[in-house]
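Inside the fold
Each chain is listed here by its residues.
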Amino acid sequence: GQNIDQPTEMTATEGAIVQINCTYQTSGFNGLFWYQQHAGEAPTFLSYNVLDGLEEKGRFSSFLSRSKGYSYLLLKELQMKDSASYLCAVRGTDTGGFKTIFGAGTRLFVKA
Amino acid sequence: GAGVSQTPSNKVTEKGKYVELRCDPISGHTALYWYRQSLGQGPEFLIYFQGTGAADDSGLPNDRFFAVRPEGSVSTLKIQRTERGDSAVYLCASSLSGRGGYEQYFGPGTRLTVT
């Protein structure tokens, strides 16, 4: 089976740095994604990791450790518009390796 | 360019009725996914199409749910004998490929309410 765990909610201050953790158990591993979802809107892609290490993209970075089944999303220089849910999603290798399993999401509140 | 579109945006139906939800993917995207999302939860995988064929339908909850993509573009999710538990936002996403790190582009969703 597949399982993804991430904190339900986090609060951070504008201008600060926040790290959102994700742990997963999957049947095989075929990539990990982070998506952002504002309330009432569709998810939008942030990052993809398939090898261990850090991927940096502007204010957002994502880290992966396959041996630990662990990833984090790092958001720097937080802005009010970053208040949203952040979804960790993993693709395993069962059933052909196409199925993407999403976590429940971490709701981030950015305060002034 | 045009993104993924879904119709209708909202659908209210009575328990026991049949509904069809439509998804128009981004032109040229061979991979198409259907998910459903309940409040406070992440998207739940339903089915994946590669071209015209359903490469993975392991997420369909039961045989009341069926999806087609006859020409490899537009897809329709069909739900028979709807139940109140089917109420959710149904999301469609398309991608250049189901392999690798190709991002999924999501449509705005269809909010289905079964009364």
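Turning to the overall build of chain B, a few remarks are in order. Helix and strand counts for chain B stand at 0 helices and 11 strands. For chain B, the N- to C-terminal ordering of α and β elements is β-β-β-β-β-β-β-β-β-β-β. The C-alpha radius of gyration of chain B comes to 13 Å, within 12% of the 13 Å expected for a compact globule of 115 residues. Dimensions of chain B, computed from C-alpha atoms along their principal axes, come out at roughly 40 × 25 × 25 Å. Each of the 115 residues in chain B was classed as buried or not, and the buried ones make up 47%. Pairs at least 24 apart in sequence give 54% of the contacts found in chain B among residues at least 6 apart. Counting 12 positive and 11 negative side-chain charges, chain B places the averaged centre of each group 5 Å from the other.

Before going further, it helps to examine the packing of aromatic side chains. Tallied over the entire structure, the rule returns 17 aromatic pairs over all chains. Seen from their ring centres, F102 of chain A and Y35 of chain B are 5.4 Å apart, and the 90 degrees between their planes marks the pair as edge-to-face. Within this pair, whereas F102 of chain A is found in strand β10 (residues 100–102), its partner Y35 of chain B is found in strand β4 (residues 31–37), the two belonging to separate chains. Y35 of chain B shares its class with F102 of chain A; the two are buried. Aromatic rings pair up to connect F33, Y35, F45, Y48, F98 and F102 of chain A together with Y33, Y35, F45, Y48 and F106 of chain B into one cluster.

The next subject is the sheet that holds strand β6 (residues 53–57) of chain A. Residues and elements named next belong to chain A. Read from one edge to the other, the open sheet built from 5 strands follows the order β1-β3-β8-β7-β6, with strand pairing classed as antiparallel. In this open sheet, the two strands that pair with only one neighbour each are β1 (3–5) and β6. Averaged over all adjacent pairs, the angle separating strand axes in this sheet is 15 degrees, with direction ignored. Across 6 bridges, strand β3 (residues 18–25) lies against strand β8 (residues 70–75) in antiparallel orientation. Each residue of the ladder has a partner; that of T23, found in β8, is Y70.

Residue and element names in this part refer to chain B. Across the sheet, 4 strands lie side by side as β1-β3-β8-β7; this open sheet has antiparallel pairing. In this open sheet, the two strands that pair with only one neighbour each are β1 (5–7) and β7 (65–68). On average, each strand axis in the sheet is inclined to that of its neighbour by 15 degrees, with strand direction left out of account. Relative to strand β3 (residues 19–24), β1 runs antiparallel, the two sharing 3 bridges. Looking across to β3, one finds that Q6 is bridged to C23.

About the cut-offs
Residues numbered from 1 in each chain as written. Chains lettered and ligands numbered in written order. Predicted model: local features only at pLDDT ≥ 70, side-chain atom pairs only at ≥ 80, totals over all residues. Heavy atoms only, no water. Helix = DSSP H or I, 4+ residues; strand = E, 2+ residues; numbered from the N terminus. Rg over C-alpha atoms; globule rule 2.2 N^0.38 Å. Buried < 20%, exposed > 50% of the residue type's maximum accessible area, 1.4 Å probe, protein only. Contact = heavy atoms within 4.5 Å. Lys, Arg positive; Asp, Glu negative; His and termini not counted. Charge placed at Lys NZ, Arg CZ, Asp CG, Glu CD. Phe/Tyr/Trp six-rings, centres within 6.5 Å; stacked < 30°, edge-to-face > 60°. Pairing = 2+ DSSP bridges. Axes fitted to C-alpha atoms, helices over the stretch in contact; angles between N-to-C directions.

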